Amino acid sequence: MTDTEPAAAVREIADSIATMEIRGAATIASAAAEALAVQARAAAGGGETASDPSAFRTSIRSAARTLRETRPTAVSLPNALRYVLQRMEGDSVDALRRSVVDASEAFVRQLDRAQEDLGRVGANRLTDGDTVMTHCHSTDALACIEAAVEQGKSISAVVKETRPRQQGHITAEQLRDAGVPVTLIVDSAARRYLDEVDHVLVGADSIAADGGVINKIGTSGLAVNARERGVPIMTAAQTIKLHPETLTGHTVEIEMRDESEVIDQEAREAVGEIAVENPAFDVTPPRYMDAIVTEQGQFPPESIVTLMRELFGEGAVEPWEEP
């Protein structure tokens, strides 16, 4: 690398996030924070940046931009970058390096505690004998079920497979490993099985200031069906999922993924000339969500803006941009 380019290890982490080898908002955030620590060590190890604080800062911001561009909807990623970059300080490269590495490690420690705390809050909404329906794969949602099981509650799950990448298979495996009886269903069967469940539990990739939940495509339809059936639905989401840019009127960009996830080339050629779209997420309006559970407590969706302002003020800076 040149003195201000991202290290090869950082580019490798960014590629893994972009291709979803690294997935899940908390895992993405942790990887992004750790990648900045990798860049800090690499940039302080030699070349111009070893003695030039300005070049060091430029190299860290460049690495952050590379990471930022990988998943536009997953707000946990820029929130992780904000946490680390806003704590980068010092008059020497060594001091700057220490501040970045220390901030990265502190962020990861907070993430580890946050999910455990969130799980306990979410578990309080579940009672012994409940059946929970899940969508996609969310470690935050799993934490609530696992905490309920640890409390001695008997919980079973109906797991949507969640096409096109079938992340529900991961959820099914992990719940089975936790001792939870699992029934796996195709996405289109969700309405049929809602009559057999007590709660719908989903995660979130981002949460807007108005309480809108941005999550894996299909969440909004599930929420509408759950409301019609009278089944309570909650979002489990750490505060790193809050999208501070929506406080100032920005909308959340919905990631469009490659059509090959939906249809392979042979099938596409057989079908003929068609358009294929593959949105990764949708937005569930707050009126269809009963509660948002975070490590700081449970909130009605419409009041999440209060917590967002407490954490981020009235907007969001972009410290990865050059001054």
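Named according to an unreviewed UniProt entry, the protein chain is Ribose 1,5-bisphosphate isomerase originating from Halorubrum laminariae. Under the Catalytic activity (unreviewed entry) heading, UniProt states for the protein chain: "alpha-D-ribose 1,5-bisphosphate = D-ribulose 1,5-bisphosphate".

Enquirer: Sorry, what's going on with the UniProt feature "binding site: substrate" (unreviewed entry) in the protein chain here?
Expert: The positions that UniProt labels "binding site: substrate" (unreviewed entry) are, in the present scheme, R23, G24, A25, A26, R71, N215, K216 and K241. The exposure class assigned to A25 is buried, which follows from its relative accessible area of 7%. Leaving out residues up to four positions away in the same chain, A25 has contacts with S76, A204, I240 and K241. Looking at the secondary structure, you find A26 in helix 2 (residues 25-43). Setting aside residues up to four positions removed in sequence, A26 forms contacts with L111, Q115, T139, Q238, I240 and K241.

Enquirer: Where do I start with the UniProt feature "active site" (unreviewed entry) in the protein chain in this structure?
Expert: With numbering aligned to this structure, UniProt lists the feature "active site" (unreviewed entry) at C136 and D205. These annotated residues cover 70 residues of sequence, and their C-alpha atoms all fall within 11.1 Å of one another, placing them together at a single site. By the secondary structure assignment, C136 is in the loop between strand 1 (131-134) and helix 6 (139-150). In this structure C136 touches K160, T162, Q167, G168, T171 and K216, once residues within four positions along its chain are discounted.

Enquirer: What exactly am I supposed to notice about the sheet that holds strand 7 (residues 233-236) here?
Expert: Strands sit in the order 3-2-1-4-7-9-10 across an open sheet of seven strands; the sheet is mixed. Each having just a single partner strand, strand 3 (182-185) and strand 10 (297-299) make up the two edges of the open sheet. The mean angle between the axes of side-by-side strands here comes to 25°, regardless of whether they run parallel or antiparallel. Across three bridges, the pairing between strand 9 (residues 291-294) and strand 10 is antiparallel. Each bridged residue has a counterpart across the sheet, and for I292 the counterpart in strand 10 is F299. On the sheet, helix 6 packs against strand 1, strand 4 (199-202) and strand 7 and is oriented at approximately 135° with respect to strand 4. Each of strand 1, strand 2 (156-160), strand 4 and strand 7 is contacted by helix 9 (residues 219-229), which is oriented at about 160° to strand 4, the strand it contacts most.

Enquirer: Even after reading the chapter, I still don't get the packing of helix 3 (residues 53-68) against helix 5 (residues 93-123), so can you show me in this structure?
Expert: Helix packing geometry: the angle between the two helix axes and the distance between the axes. In contact at an axis separation of 9 Å, helix 3 and helix 5 are set at 25° when each is read in the N-to-C sense. Taken together, the axes of helix 3 and helix 5 are roughly parallel relative to one another. Note that helix 3 runs across helix 5; the crossing there is right-handed. Contact residues: helix 3 offers P53, F56 and R57, while helix 5 offers V93, L96, R97 and V100. Within the contact of helix 3 with helix 5, the residues separate by chemical class into five nonpolar, no polar and two charged.

Enquirer: Teacher, can you tell me more about the packing of aromatic side chains here?
Expert: Each aromatic ring pair is characterised by the separation of its centres together with the angle its planes make. For the structure shown, the criterion picks out one aromatic pair. Relative to F107, the ring of Y83 lies with its centre 5.2 Å away and its plane at 50°, an arrangement referred to as tilted. Placement of Y83 in helix 4 (residues 76-85) and of F107 in helix 5 is noted, with a sequence separation of 24 residues between them. Here Y83 and F107 have matching classes, each one buried. Against the face of Y83 rests R87, its NZ or CZ located 3.6 Å from the ring centre.

Enquirer: Could you clarify how one ought to interpret helix 4 in this entry?
Expert: Each α-helix turn comprises 3.6 residues. Residues three or four places apart therefore point the same way. The element helix 4 is extensively covered by neighbouring structure, given that 10 of its 10 residues are classed as buried. Of the positions making up helix 4, those classed as buried are S76, L77, P78, N79, A80, L81, R82, Y83, V84 and L85. The elements touched by buried residues of helix 4 are helix 1 (8-18), helix 2, helix 3, helix 5 and helix 11 (304-312).

Enquirer: Explain helix 2 to me, please; I cannot follow it from the model alone.
Expert: Spanning 19 residues, helix 2 covers 27 Å between terminal C-alpha atoms, matching the ideal 27 Å at 1.5 Å per step. Among the 19 residues that make up helix 2, 14 are buried, leaving the element largely enclosed by the rest of the structure.

Enquirer: When you look at the sheet that holds strand 5 (residues 206-207) in this model, what are you seeing that I'm missing?
Expert: Strand pairing in a sheet is mediated by backbone hydrogen bonds. Such pairs are either parallel or antiparallel. Taken in spatial order, the three strands line up as 5-6-8 in an open sheet, and their pairing is antiparallel. What marks the edges here is a single partner per strand, and that holds for strand 5 and strand 8 (281-284). Relative to the sheet, helix 9 contacts strand 6 (213-216) and strand 8, its axis offset from that of strand 8 by approximately 35°.

Enquirer: Would you mind going over the nonpolar core with me for this structure?
Expert: Soluble globular proteins tend to pack their nonpolar side chains together in the buried interior. Among the nonpolar cores identified, the biggest contains 39 residues, and I17, L36, F56, L67, L81 and F107 are the most heavily contacted of them. Among the elements that take part in this core, helix 2 stands out by supplying 10 residues, more than any other. Residues in contact with F107, not counting those within four places in the same chain, are A29, S30, A33, A80, Y83 and I240.

The rules we used
Residues numbered from 1 in each chain as written. Predicted model: local features only at pLDDT ≥ 70, side-chain atom pairs only at ≥ 80, totals over all residues. Heavy atoms only, no water. UniProt positions renumbered as here; feature names shortened; annotations may be inferred. Buried < 20%, exposed > 50% of the residue type's maximum accessible area, 1.4 Å probe, protein only. Contact = heavy atoms within 4.5 Å. Helix = DSSP H or I, 4+ residues; strand = E, 2+ residues; numbered from the N terminus. Pairing = 2+ DSSP bridges. Axes fitted to C-alpha atoms, helices over the stretch in contact; angles between N-to-C directions. Parallel < 35°, antiparallel > 145°, perpendicular 65-115°, else oblique. Left-handed = near helix turned anticlockwise from the far one by under 90°. Nonpolar A, V, L, I, M, F, W, Y, C, P; charged D, E, K, R; others polar. Phe/Tyr/Trp six-rings, centres within 6.5 Å; stacked < 30°, edge-to-face > 60°. Lys NZ or Arg CZ within 6 Å of the ring centre and 35° of its normal. Expected span 1.5 Å × (residues − 1). Core = buried A, V, L, I, M, F, W, Y, C linked by side-chain atoms within 4.5 Å.

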